[in-house]
Structure formats: structure tokens, C-alpha cells
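What follows is the residue order along each chain.
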Amino acid sequence: MNTGRTDQDLQTYRDDEPTADRPTRDAPGPAVAHPARLLPSSRYRHPGDVIRLIAGGLVLIVTLAAVALAPSQLVGTDASAVTWLGADPAGRVLVGLVQVAFVVAATGIVAIALWRRRFRLLISLAAGAMVAGGALAGILNLVGDGHPHAVAVNLGHGSWLASAAFPGPALLAGAAAVTVAASPWLSRPWRRTAWIVLGAAGAARLVAGTVLPMELILALAAGITAGAGVLVALGVPDRRIGPDGIAAALGSADLPVSSVTPADVTTKGSRPFFAETVAGGHLFIKAVGSDQRDADLLYRAYRFARLRDVGDTRPAASLIHAVEHQALVGTMAERAGVRVPGVDRVIKAADGTALLAMERVDGSPLDQLPAERISDELLRRLWAEVDRLHRAGITHRALRAANVMVDGAAQPWLTDFSFSDLTATQRQKDIDLAELMASLATLVGADRAVSGATAVIGAPGVAAAVPLLQPLALSAATRHSIAQHQGLLKKTRSAAAAAGGSADQQLARIQRVRPRTLVTIAALAGAFYFLLPQLAQVGSSWHAIQSAHWAWLPVVIAMSALTYLASAVSLLGGVPGRVPFWPTVLAQAASSFVNRVSPANVGGMALNARYLQKSGVDPAAGVAAVGLSALAGAFVHGILLVVFFVWASRGLAHAFKLPPASKLLLILAVIAALIGILLATRRGRRFATTRLRKILRSALVSLRQVAASPGKLTLLVGGSALVTLAYIGGLAASVQAFGGGLGIAEIGAVYMAASAIAAASPTPGGLGAIEAALVAGLTGVGLGSGPAVSAVLTYRLATYWLPVAPGWIALHVLQRRDYV
């Protein structure tokens, strides 16, 4: 069995360029060991399944967004249906044939799996079908409100086998999941047949008027997503080419070999083998299959979506073209005098795998050499090879120590040109230099790495690479390696800037879009989806503004100002020592300004921690005080939420309509499943067991200390309560300015519910989410649409936008007085 596995999961693909392999010894490219696989040796994760999972998920999300915008028109009573056959006898016959096909297929799958004792496969297929069917049933239960009359009539008829409702959309989704999950175990003709039958079944249900078009799309998207998820989680059978197949392919290319053995190394982007020729030669073989091709496409798509101006090129048109490109670059580099492994030939195996046969270099990868063997002379030789490569118009694109071999004569060899480019741009050359300097810094330190580059490349070349000495410009392997040395990347950048004669260390902007920006856009879009229908009904908004009692506006502003005093009181209650009051108030105003550009109050909490540290509070105690203040605020908010809801229970009947119990249970089940999936991942468990536990433990310790002082405890809890009550007072004053008519209990309940919703929003200050929730809540308790929108906008103007300028001034005052 072949041991050179490469496809582990999406994170593995992003650890490095997916077409870059790194053999550890006696091969033309180094390797880095990875953790043990979780899959049995007979299975591996195919990156093509990751692509199908992402594609199916995107289609599902887009379809769900369309359904959310127009549920009744797409999956409800107003939806358009295909009724070509309807109650026609041909339609019933067609429905019956589909039912027979489903029964026969399900029985056949179970029987064959049991006969061949494929119990694990049977369980995985059943799990995929249940997930897909359950998810679709839940979706339709949440958004659907029944079928159009014509479809309802058709579903009421029975075929000559069973009710026309069988198989419904949920079963179609399960069938799609089974087809996807079973595909790797089927031959190509059987895979094609399965998809033809599934497509014909869906089309038959559609023309018979027993399923809506959008239901069919949702079923296929949910099924493909669930089936691909099963394959990604459990892997597929390993049927890739092995040593015998490679020996046969080499022999057919007039390169007879006496032995082919899997290289005992961990690689990425290809599978490595050692070959001994009949003539006594030693070869290193790179086997690149469809899985590596899909991994390359996946990685390039990720980089295209995330990064810009990094010199990435389009992927090769085919597997053989990709390997031919590697061979061509290696040959061109060798012609330019660069020390690289010689290329023997490119071979296409019978199963389509592309093989690259190269000279085997006896040596060790640079990143595995002992530190005492990495001399300054070796570094200068390495930089000289890089300089020759760049002068030939070639960029390596994966130029790190792991891809440098050092032979017995202490000569460096550049290996692995799978991500390289023959039409090098200056930006690509600069990234090469930044990559190698950062990689070498982890081995010999920042100063030696930069001095070697400066001696060969020159000061201007090193200076040009300074803006690219940043995590995003580096490969994941180098990024992870240098992150283990705290501050090393910054030291390398400073050393390179000094060597280049430039004090400017401004980083190049290479990130196309930040994930936080995407989340913010999505949250704003969702908020305005709820808010715009309210705005569309506000024909009296202008009249409400004209008749407003603006004498209430100073009250709203005063309530907003009171929140900063109360926040300062709460923070002082969590600090064990004495801290000046008015600078603390300024810190709260400054933190509100910082929070305008950071979600979840992260920026403001960091600024408060910094302020307490500069005020003489122990750093750990300062961070604990900020966390304790936030914890007290959440605790008080929960109590006030219950109080106001009980107080205004009758008036909230129309403001907040809870979904039926079945839908609530489904939502809770989805949330629990997401939490379970998160905790099942290594990062999720690490966050829960380290950071989250540490934060809670620190907050509890601080709470015990504060509880020992009644005065501190009063300040902490009282300040937190006053913050919330002041905001409620400001909203009540704003409502009074536009006619009033609501009691403080209803207004308080609406605010508490809206702020809880906004707390889950990733936008700064809950922007968009809280406006939508407040408008919906106020109109629900009886306030007109016009006054509700006007009151909310006025309230947000006074409490969110007007404090921006004072907050900016407070921040600068604190900076001038060295408080932050």
C-alpha cells in the first residue's frame, strides 16, 4: 500500500502550495512531518470533495437567501408549479415508476452493502441521507406555508403503488446525498447511471406537479452538500497509482526500473517515490493525480478570493500541462546555471496520473540541518542561486528553507518548482526574497538572514521586500514556523529596513477583502432586509418629524452622556485599587469611538485594559477588571430583561411573536449541532479549554475579590444597571418626542430584546441590527410606523453618532497625557 498521502483537509491544503512537495531526505525537495492521519490507511480525503462541499453549500445558501426574501412565491401557496401532467393518468404512472425506482434502489443498496459486509459504508450513506433529508425538512418547515392548490391536489392523488407525496423533497435530498457519498465506490458507468436515474426522478416529480421547482433545487443542493460532507469527514477509498503502476508507466516510457518504492516522507501536492533504474541510476518520481489537481484549484481559488497583487497565475489547463510546466521551469533554471535537480522526463500513466522523473539529490533539507552546519558561506551561496534564478526571469513562489537541499559538499540546491513562474514580475521576486528571509530567520536569526541577502542581492533589493515581510505574504508553513518565535517577523522586517537604508516599514496591502468585512456586509444586509419593509410603510415619517417635540432631544443626549459616567463607575468597581474618575470617563468616551470600527466592543475593551495598565493597575488585574465589567453588564442585562418582560407581558403579545415550539426546537438543535461541530474541531476545543476557561477563571477570581468589598460590588453592579437604564431612558425620551403613547415597561422590554439581538451581530455597535429590532419592537407594541422609525433614528443619532467626535477628542487627550 502506498504511504505517500497528501490530501488531508482544507487546512492542510492551505498549509502550503498544494502543488509543492517536500521530501525529507535523498530527494529533490524537502518535507515536513505532519500529525498522524485520522483516517485508515485505505482511505484519504479527496480535495475534489471539498470543492463539491463548498459549491453545494454556496448554492444552498444562495437558494435559502432567495427563499427568505420571497418564501410564499417560491415554496409557499403563491409559488408557480409545473402542472403539465397533473391529474392525468400518465402523471400517476410516472409517479409510480419513480416510487418503484426509489424502492428498488434503496433495497439494492442495503442488500449489496450487507452482502459485501460494507457496514461502515452503509452507516455513512444512511447518515448522509438523514442529514440531508432532515435539513431540508427543517428548512421547508421554517419557511414554507403550504403548497399551491394545484400541487396540493396532485399530492392528494395516489399512484398505483403509494401516495403521490412519496418520495417528497426530503427523500430526494437523501437520495442525492447517497448518490454523492456512494460515488467513489462505484465505477464510472454506474455513477453515470445513478445520476441519470436521480435526475429523471426529479424531472418526473416536477412535470407531474408533485414538487415545486425551488423545492427540487433545495433538495439537490442539500443532498450534494451533505453527501460531500460525508466524504470529506470519512474519506474515500484509496485507488491511486502505486509502485507497480509507476514501474509499468516508467517501463512503457523506455525507462526500465528494477524497483519503485514509496518515499518514506510527507509531501504536499504530489506523491513521492524512489526508483532504481536497470542501469543503476537513482530517480525521484513525483506522481501528480487528480486529487493534487483539485487541491491546486482549491488553493488558487482561496488565494484569489483572499489576496491581491501577489503574482498568482491561472492554473494549468490539465494535469499533464502542470507537470510539463514544472519540468520546463526546472530545465530553464538549469540552463541559467542554477543548481537544481535534473529533469529526466514527463510520463503519463495509464490512469491519467502525471509522473515527473528527476535526478535524486543526496543531501538533507536546509530546515533539518543542525544550526552549526548553516554557515554564512552557505547562506551566501544560497542567495547567489536565488539571484541567478531571478536574473533568468524565474520566480520560485515557494522559496523557503524546506525547499532547499544541501548536499555533502555544502552546496545548496533549489527544488520544487510546482508553483513557479517563468515570466517573473518584480512583485513576485520581492515575495520570493521576503519568503526566504523569513524562513531563514527561523533557523539563523533575523540579522544573519538579512545580512546574507544584503551581501548578494544588495540593499535596494532587500528594501523592496520589506513591505512584504508580513504574514499574509508568506506561505502558511513559513507563517506557522515564524509565529513560534515571538516578535521574530517584526525583527526581520526591522533588520531588512535598516539594511536597505529605509526607515519606512509600511506594509503592502495584499488582502483583497477581510473576512470581518464580509460578515459585516452580510449582517447589514440582513438588518436592512428587516428594516426596509418598515421604511416602505413610513409615509408619515416626515410629518412625524415636523410635529416632533424637540425639547426632548436634550434629554436623549443627557441620557447618552450618563451612560459614560455609569460605565466608568462600573469599571472602577471591578478594579482592586484606586483609579482617577474623570480620566476613566474619558477612557469610556474614547472606547466608544474605538468601538465604532470594531465589532463586539473588542477595541474598547482593549483600550480600557491599556488605560488601567497605564494608570498603575497590574496588567492581569486590568484585563480581569474589564472582563468582570463586561460580565456584570451581561448579568444585569439578563435580570433587567426578565424584569421588563414580566412587567410588560401583556403589551408584548404583538411585538415579539415566538415561532411554534417545533421550530424553536429545530433552531435549538441546529445551534447545539453547530456548537458540537465547533467543539469537535481542534481549534474549537483549544479555544474552549484554554482561552475561554482562562477568561472565566480570571473573571471569577476578580469577582470573589470584588465581592469582599460591598462598596466595590455596589459600584460594579450599580454602574452596569445605570448604563442600561440610561439607554432605556434615552429611547423613552425619543419616543416621547414623536408623540409617545407607550409605557416605560414596553419601551424597556423592546430595548432589552433589541440590544440582545444586536449583541449577536458582528457589526460595530450592532449597527443595522439594533435599528431593525427597535423599529419592529416599537411598532409591535402599538407605536405607528412613522413615529417608530423617526424615534429610533433620533435615538441612534444621539447615542451612537453624536458621541463620535467627543470620543475622538477624548482619545487624543488620553494619548497626550500618556493614559493610553
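For clarity, every value in this text was computed on a predicted model and none was experimentally measured.

Enquirer: I'd like to hear about the sheet that holds strand β8 (residues 363–365), residue by residue, with values.
Expert: Strand order in the open sheet formed by three strands is β8-β9-β10, with antiparallel pairing between adjacent strands. In the strand order of this sheet, the two ends are held by β8 and β10 (412–414), each with one partner. Sheet twist, expressed as the average angle between the axes of neighbouring strands with direction ignored, equals 30 degrees. Pairing geometry for β8 and strand β9 (residues 404–407), over three bridges, is antiparallel. Bridge pairing in β9 places Ser 364 opposite Val 406. Seen against the sheet, helix α13 (residues 376–391) touches β9 and β10 and runs at an angle of roughly 30 degrees to β10.

Enquirer: How would you summarise the packing of aromatic side chains if you had to cite specific residues and measurements?
Expert: According to the stated counting rule, one finds eight aromatic pairs in the structure shown. When the centroid spacing of 6.5 Å and the interplanar angle of 40 degrees are considered together, the rings of Tyr 299 and Tyr 302 count as tilted. Here Tyr 302 and Tyr 299 lie together in helix α11 (residues 290–306), a separation of three residues that amounts to about one turn. Ring geometry for Tyr 727 and Tyr 751: centres 6.2 Å apart, planes at 25 degrees, overall stacked. Of this pair, Tyr 727 sits in helix α27 (residues 710–737) while Tyr 751 sits in helix α28 (residues 744–759), placing them 24 residues apart in sequence. When its relative accessible area of 21% is taken as the criterion, Tyr 727 is described as partly exposed. Connected via pairs of aromatic rings, a cluster forms that spans Tyr 299, Tyr 302 and Phe 419. In this structure, Arg 240 packs its charged tip against the face of Tyr 44, placed 3.8 Å from the ring centre. The lysine or arginine in question, Arg 360, covers the ring of Phe 274, its NZ or CZ lying 4.4 Å from the ring centre.

Enquirer: With reference to specific residues and values, describe the environment of Glu 276.
Expert: With respect to the helices and strands, Glu 276 occurs in strand β4 (residues 271–277). Each C-alpha atom, one on Glu 276 and one on Thr 261, is 8.9 Å from the other, the two residues being 15 residues apart in sequence. In contact with Glu 276, other than residues within four places in its own chain, are Val 257, Ser 258, Ser 259, Gly 281, His 282 and Arg 360. There is a polar contact of 2.6 Å between the side chain of Glu 276 and the side chain of His 282.

Enquirer: Give a description of a nonpolar patch on the surface that names residues and reports values.
Expert: A surface patch of nonpolar side chains, amounting to about 380 Å² of accessible area, comprises Ile 557, Leu 797, Trp 801 and Leu 802. Positionally, Ile 557 belongs in helix α21 (residues 553–573).

Enquirer: So what's going on with the packing of helix α24 (residues 619–647) against α28? Which residues, and what values?
Expert: Viewed as axis vectors pointing N to C, α24 and α28 meet at an angle of 140 degrees, and their least axial separation amounts to 8 Å. In terms of axis orientation, α24 runs oblique to α28. Two packed elements cross with a definite hand, and for α24 against α28 that hand is left-handed. Of α28, the residues touching α24 (which contributes His 637, Leu 640, Leu 641, Phe 644, Phe 645 and Trp 647) are Ile 744, Ala 745, Gly 748, Ala 749, Met 752, Ala 753, Ser 755 and Ala 756. For the contact of α24 with α28, a count of residues per class yields eleven nonpolar, three polar and no charged.

Enquirer: Can you tell me about the pattern of salt bridges, naming the residues and giving the values?
Expert: Under the counting rule described, the total for this entry stands at 17 salt bridges. The salt bridge involving Glu 771 is made with Arg 796; its shortest N-O contact spans 2.8 Å. Placement of Glu 771 in helix α29 (residues 769–780) and of Arg 796 in helix α30 (residues 785–801) is noted, with a sequence separation of 25 residues between them. Each member of the pair, Glu 771 together with Arg 796, is buried. One continuous salt-bridge network, built from bridges that share partners, spans Asp 238, Arg 240 and Asp 291.

Enquirer: Outline α30, listing residues and values.
Expert: Taking 1.5 Å as the rise per residue, α30 with 17 residues should run 24 Å; its terminal C-alpha atoms sit 22 Å apart, in good agreement. Taken across its 17 residues, α30 has 14 buried, putting it largely inside the fold.

Enquirer: Describe the environment of Val 343, and please don't skip the residues or the numbers.
Expert: Turning to its location among the elements, Val 343 is positioned in strand β6 (residues 343–348). Counting along the chain gives 15 residues from Val 343 to Met 358, while the straight-line C-alpha distance between them is 4.5 Å. Filtering out sequence-adjacent residues up to four positions away, Val 343 remains in contact with Ala 327, Thr 331, Leu 356, Ala 357 and Met 358.

Enquirer: An account of the packing of α13 against helix α14 (residues 426–444) is requested, with residue identities and associated values reported.
Expert: Contact pair α13 / α14: the axes reach a minimum separation of 12 Å and the direction vectors enclose 165 degrees. Here α13 is positioned roughly antiparallel relative to α14, judged by the angle of their axes. At the point where α13 passes α14, the crossing takes the right-handed sense. Across the interface between the two elements, Leu 379, Leu 382, Trp 383, Val 386 and His 390 of α13 pack against Lys 429, Asp 432, Leu 433, Leu 436, Met 437, Leu 440 and Val 444 of α14. Grouping the constituent residues of the contact of α13 with α14 by class yields nine nonpolar, one polar and two charged.

Enquirer: Lay out the environment of Val 329 with the relevant residues and their values.
Expert: Examined against the element boundaries, Val 329 turns out to sit in helix α12 (residues 319–335). Taking the C-alpha atoms as reference points, Val 329 and Ser 420, separated by 91 residues in sequence, lie 7.4 Å from one another. When residues no more than four places from it in sequence are discounted, the contact partners of Val 329 are Ile 394, Phe 417, Ser 420 and Leu 422.

So, how was this worked out
Residues numbered from 1 in each chain as written. Predicted model: local features only at pLDDT ≥ 70, side-chain atom pairs only at ≥ 80, totals over all residues. Heavy atoms only, no water. Pairing = 2+ DSSP bridges. Helix = DSSP H or I, 4+ residues; strand = E, 2+ residues; numbered from the N terminus. Axes fitted to C-alpha atoms, helices over the stretch in contact; angles between N-to-C directions. Contact = heavy atoms within 4.5 Å. Phe/Tyr/Trp six-rings, centres within 6.5 Å; stacked < 30°, edge-to-face > 60°. Buried < 20%, exposed > 50% of the residue type's maximum accessible area, 1.4 Å probe, protein only. Lys NZ or Arg CZ within 6 Å of the ring centre and 35° of its normal. Polar contact = N/O pair within 3.5 Å; in protein donor to acceptor, adjacent residues only side chain to side chain. Patch = residues over 30% accessible without salt bridge, like charges linked within 9 Å, V, L, I, M, F, W, Y side chains within 5 Å. Areas by Shrake-Rupley, 256 points an atom, 1.4 Å probe, with all protein chains shown as cover. Salt bridge = Lys/Arg side-chain N within 4 Å of Asp/Glu carboxyl O. Parallel < 35°, antiparallel > 145°, perpendicular 65-115°, else oblique. Left-handed = near helix turned anticlockwise from the far one by under 90°. Nonpolar A, V, L, I, M, F, W, Y, C, P; charged D, E, K, R; others polar. Expected span 1.5 Å × (residues − 1).

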